[in-house]
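One-letter residues, chain by chain:
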Amino acid sequence: MNSSAFKVKFSPQSKPFSDVIGLEIGAGLTQGVPAVRLRKKDGKTELVAVGFLPLQDSLPLRFEEAPTPVPSWSLPKAFQAQYAALAVTSELALLRHAAGTDEEATDNKQLAYRTTTRSIAPDLPPLTARIPEFQARWAAGLLPEGRAPTACSLQVSSAAAINTFVTSSRFESLSGTAVVLFVFPQYTSLVAFHDFRLVLYREHNIGHSHIRDAISTHMRIDPSLTDSILEDTFIDSTPMIEPVLRTLYRQVEMSYDYLARRRNCQTQNFLICGLSSGLKYWTSIFNHTMNRTLAPFQPFDGIDVAPRATILVEDLTAATPLLMTALGAAQAVVEDT
Amino acid sequence: MKSPLHLDLLKEEERLSSSPIRLRVLLPLITTFFLLCALLVWGLFEIQVLGKRKLMANVENAVKSVTPVHAAVLASRDQEKEMRAGVQQLSLYKHARNVFGPTLSIIAAQVPTNIQFTEMRIFPPQTASEPSRSVNPPPAPTNTLERVSLRIAGRTKGSRASESVNDLMAALQTAAFTNVFRSVSIPKGAFRLDTSRNQSALTANESLLFEITCECEPRRFE
């Protein structure tokens, strides 16, 4: 056996990633850490386990806060996949088209970042994902060696979420240009695809937490009650939501115009993903503003559930927005091999 | 067309193995194990060597303590061998002894009246190297056989001088002497006139010198 073969045989990840758990770090959810375990069997991806795990998820926000040593996670047996794909949700992490080396160099001087770049197409600026080094190191140290799972991928949550759409059967069925809105608590990312190719990525600082805040402020209720207000058929929340969403949709409209004029892409499909409540307001206001239809996209649609799958959430559809990033992180690895 | 957007930020050194058996742990363990084995083997070997050294020291001490006795025993054995060889030599000499006494006692009766013996000698055995004999003669004959010869010298006179000598020779070859003398002969030139006497009387009473060599039965050192 030569040295290279020996190295491959004993390398930590010598086999394809067929059993991966996606974990979202830094989500700050009261339910726990979003976890989705996927397994690829006979070319088909199936859901093995999904839920929120009670793990210490205190992603440090500043370098000085990075605790030493990093907590060691031990996952329940049903979630002990061979490998883990980690998606970091952080205000300091970002995903964007690379604007230029000068800007990145300036940023790097202020804080050490871990950066990776993906060239999407020759005529498009590449996508750059960045995480502060101390956060990346902290996240990578959560899963120790010698115990399943161990980290095989570290992603930015916004990039991870995109994979829920890219790897879906819905994506394959759409031709032409499609724009997908991934709604996160603090921001909404707009991702445009043209002929199955990512052509535009934008982030807008309006998320569903802003909607909740608007309702909470107007109705002077606790933010935790806003979901029930949004789903209540007797209360019309449009006047409270519309100013917020109209701002967002103006941004979307600008992106739409950019695609049409600069990229010569006429968008036929608009999809939205990541909403646990208030979808009807988002679609109706979109329709009113853009004169287009905004269709919902369910990331878990089309994924087979394993016969003995562990589902630790009561309503998977309702919990989908919270699990979207973890699912996308796992899909990025499973479908990449 | 499922081509995920996998922007991986994990460093190579952060990709760890989930297997509890890790090469970086296993290698030091195996190395330590083999080192311990080697140490154990070396220890056992060292113990054996120590044991052998101790045994050797004991044996050396024992040898030292026994050496004088051993030397004494060896000396005694040498002495015993020497004595045994002496005894053996003596027995050989005893066996090789030629008894001349009875034979010599009857010679006188066979000697004619006109013969006078001047010498009767048994010569010592001749060895191969004459010089060594004078320096350091061997303590015993080295051959199993030793030639013995008797030389009889004498003089005779009268008209029947030569006949008398011949009679004497014939007498010495009779059965009475053949058990001792194997052959009797007069060496060449050994029968001659005695010129040392009065020359004037030479014609009247011619005196002749003679020598008779009697080859005896060899001494057998067996």
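Everything here concerns the structure above.
Residues numbered from 1 in each chain as written. Chains lettered and ligands numbered in written order. Predicted model: local features only at pLDDT ≥ 70, side-chain atom pairs only at ≥ 80, totals over all residues. Heavy atoms only, no water.

K.L.:
Explain the overall build of chain B to me, please; I cannot follow it from the model alone.
P.N.:
Broken down by element type, chain B carries 5 helices and 7 strands. Put simply, chain B has 222 residues, and 24% of those count as buried. Taking the intrachain contacts of chain B between residues at least 6 apart in sequence as the baseline, contacts between residues at least 24 apart amount to 80%. (Helix = DSSP H or I, 4+ residues; strand = E, 2+ residues; numbered from the N terminus. Buried < 20%, exposed > 50% of the residue type's maximum accessible area, 1.4 Å probe, protein only. Contact = heavy atoms within 4.5 Å.)

K.L.:
Could you clarify how one ought to interpret helix H3 (residues 133-140) of chain A in this entry?
P.N.:
Side chains of residues three or four places apart in an α-helix project in the same direction, reflecting 3.6 residues per turn. Residues and elements named next belong to chain A. In terms of residue burial, H3 counts as a mostly covered element, since 7 of its 8 residues are buried. Turning to H3, its buried residues are Glu133, Phe134, Gln135, Ala136, Trp138, Ala139 and Ala140. The inward-facing, buried residues of H3 contact strand E1 (19-25), strand E4 (83-88), strand E6 (113-118), strand E7 (127-132) and strand E8 (150-156).

K.L.:
Help me out: how do you make sense of the nonpolar core in this one?
P.N.:
Note on soluble globular proteins: their nonpolar side chains tend to be buried together. Residues and elements named next belong to chain A. Counting residues in each nonpolar core, the largest one holds 89 residues, and the members touching the most others are Leu23, Ile162, Phe182 and Tyr249. Take this core: its biggest share by element is 9 residues, from helix H8 (residues 238-261). Counting the residues that make up this core, at least three belong to each of domain 1 (19-168 + 299-334) and domain 2 (190-296). With residues up to four places along the chain from it excluded, the contact list for phenylalanine 182 reads Ala161, Ile162, Thr164, Phe165, Tyr187, Thr188, Ser189, Val191, Cys273 and Met324. Listed in part, the 23 residues of the second largest apolar core include Leu47, Phe52, Phe300 and Ala319. (Core = buried A, V, L, I, M, F, W, Y, C linked by side-chain atoms within 4.5 Å. Domains from an automatic or database assignment.)

K.L.:
So what exactly am I meant to see when it comes to the pairing of E7(A) here?
P.N.:
The side chains of a regular strand alternate between the sheet's two faces. Residue and element names in this part refer to chain A. Within E7, 6 of the 6 residues are buried, leaving the element largely enclosed by the surrounding structure. Taking every second residue as pointing to the same face, both faces of E7 are buried, with Leu127, Ala129 and Ile131 on one and Thr128, Arg130 and Pro132 on the other. In terms of strand pairing, strand E5 (residues 94-97) meets E7 through 4 bridges, oriented antiparallel. Within E7, the residue paired with leucine 95 across the bridge is alanine 129. Where E6 meets E7, 6 bridges bridge the pair, whose relative direction is antiparallel. Counted as the bridge partner of arginine 114 is isoleucine 131 from E7. (Pairing = 2+ DSSP bridges.)

K.L.:
What is the right way to read the environment of A:Leu23 from this model?
P.N.:
Residues and elements named next belong to chain A. Within the fold, leucine 23 resides in strand E1. Take leucine 23: its relative accessible area is 0%, and that puts it in the buried class. Note: C-alpha distance between leucine 23 and valine 36 (13 residues apart in sequence) is 6.8 Å. Excluding residues that lie within four positions of it along the chain, leucine 23 makes contacts with Val33, Pro34, Ala35, Leu53, Trp73, Leu75, Ala84, Ala85, Leu86, Ala87, Leu143 and Ala326.

K.L.:
Looking at this model, I keep getting lost on the pattern of salt bridges. Mind explaining?
P.N.:
Opposite charge on two side chains makes pairing possible when the charged atoms of those side chains draw close. The full count for this structure, using the stated rule, is 20 salt bridges over all chains. Across the pair A:Arg114 and B:Glu14 runs a salt bridge, and its minimum N-O distance is 2.6 Å. Here A:Arg114, found in strand E6, pairs with B:Glu14, found in the segment before helix H1 (23-95), and the two come from separate chains. Of the residues examined, B:Glu14 reaches a relative accessible area of 12% and is grouped as buried. B:Glu12 is paired through a salt bridge with B:Arg15; the nearest N and O atoms lie 3.5 Å apart. (Salt bridge = Lys/Arg side-chain N within 4 Å of Asp/Glu carboxyl O.)

K.L.:
Could you clarify how one ought to interpret the interface of chain B and chain A in this entry?
P.N.:
Facing the 21 residues of chain B at the interface are 45 residues of chain A. Taken together, the two surfaces of chain B and chain A that pack against each other cover about 2,900 Å², and 59% of this comes from carbon and sulfur. Interface area lost by chain B to chain A is led by B:Leu5, B:Leu7 and B:Leu9, which between them contribute 27%. At the surface where chain B touches chain A, the tally comes to 2 salt bridges. Salt-bridge contacts for A:Glu133 lead to B:Lys11; the nearest nitrogen and oxygen are separated by 3.3 Å. Summed over the shared surface of chain B and chain A, the result is 13 residue pairs in polar contact (both at pLDDT 80 or more). Here the residues of the side of chain B that touches chain A sort into 9 nonpolar, 5 polar and 7 charged. (Buried area = accessible area lost by both parts, 1.4 Å probe. Polar contact = N/O pair within 3.5 Å; in protein donor to acceptor, adjacent residues only side chain to side chain. Nonpolar A, V, L, I, M, F, W, Y, C, P; charged D, E, K, R; others polar.)

K.L.:
For this particular structure, what's the right way to read the packing of H8(A) against helix H9 (residues 279-290) of chain A?
P.N.:
Residue and element names in this part refer to chain A. Where H8 meets H9, the closest approach of the two axes is 9 Å, and the angle between their N-to-C directions is 55°. As the angle between them shows, H8 and H9 are arranged oblique. For H8 against H9, the interelement crossing comes out right-handed. The segment H8 lies against H9, with Thr238, Ile241, Glu242, Leu245, Arg246, Leu248, Tyr249, Val252, Glu253 and Tyr256 engaging Tyr281, Trp282, Ile285, Phe286, His288, Thr289 and Met290. (Axes fitted to C-alpha atoms, helices over the stretch in contact; angles between N-to-C directions. Parallel < 35°, antiparallel > 145°, perpendicular 65-115°, else oblique. Left-handed = near helix turned anticlockwise from the far one by under 90°.)

K.L.:
How should I be thinking about the packing of aromatic side chains in this particular structure?
P.N.:
For the structure shown, the criterion picks out 15 aromatic pairs over all chains. Between A:Phe165 and A:Phe297 the ring centres are 5.2 Å apart and the planes differ by 90°, which places this aromatic pair in the edge-to-face class. Taken together, the residues A:Phe165 in helix H4 (residues 157-166) and A:Phe297 in the loop between strand E13 (294-296) and strand E14 (304-311) connect sequence positions 132 residues apart. Here B:Tyr93 and B:Phe221 contribute two aromatic rings whose centre-to-centre distance is 5.1 Å and whose plane-to-plane angle is 80°, an arrangement assigned as edge-to-face. Of this pair, B:Tyr93 sits in helix H1 while B:Phe221 sits in the segment after strand E7 (219-220), placing them 128 residues apart in sequence. Exposure remark for B:Tyr93: the relative accessible area of 30% places this residue in the partly exposed category. Given the relative accessible area of 6%, B:Phe221 is considered buried. Taken together through their ring pairs, the aromatic side chains of A:Phe165, A:Phe171, A:Phe193, A:Phe196 and A:Phe297 make up a single cluster. The lysine or arginine in question, A:Arg130, covers the ring of A:Tyr113, its NZ or CZ lying 4.5 Å from the ring centre. Over the ring of A:Tyr258 we find A:Arg202; its NZ or CZ atom is 5.7 Å from the centre of that ring. (Phe/Tyr/Trp six-rings, centres within 6.5 Å; stacked < 30°, edge-to-face > 60°. Lys NZ or Arg CZ within 6 Å of the ring centre and 35° of its normal.)

It is worth stressing that arrangement in space is one thing and function is another; only the former is reported here.
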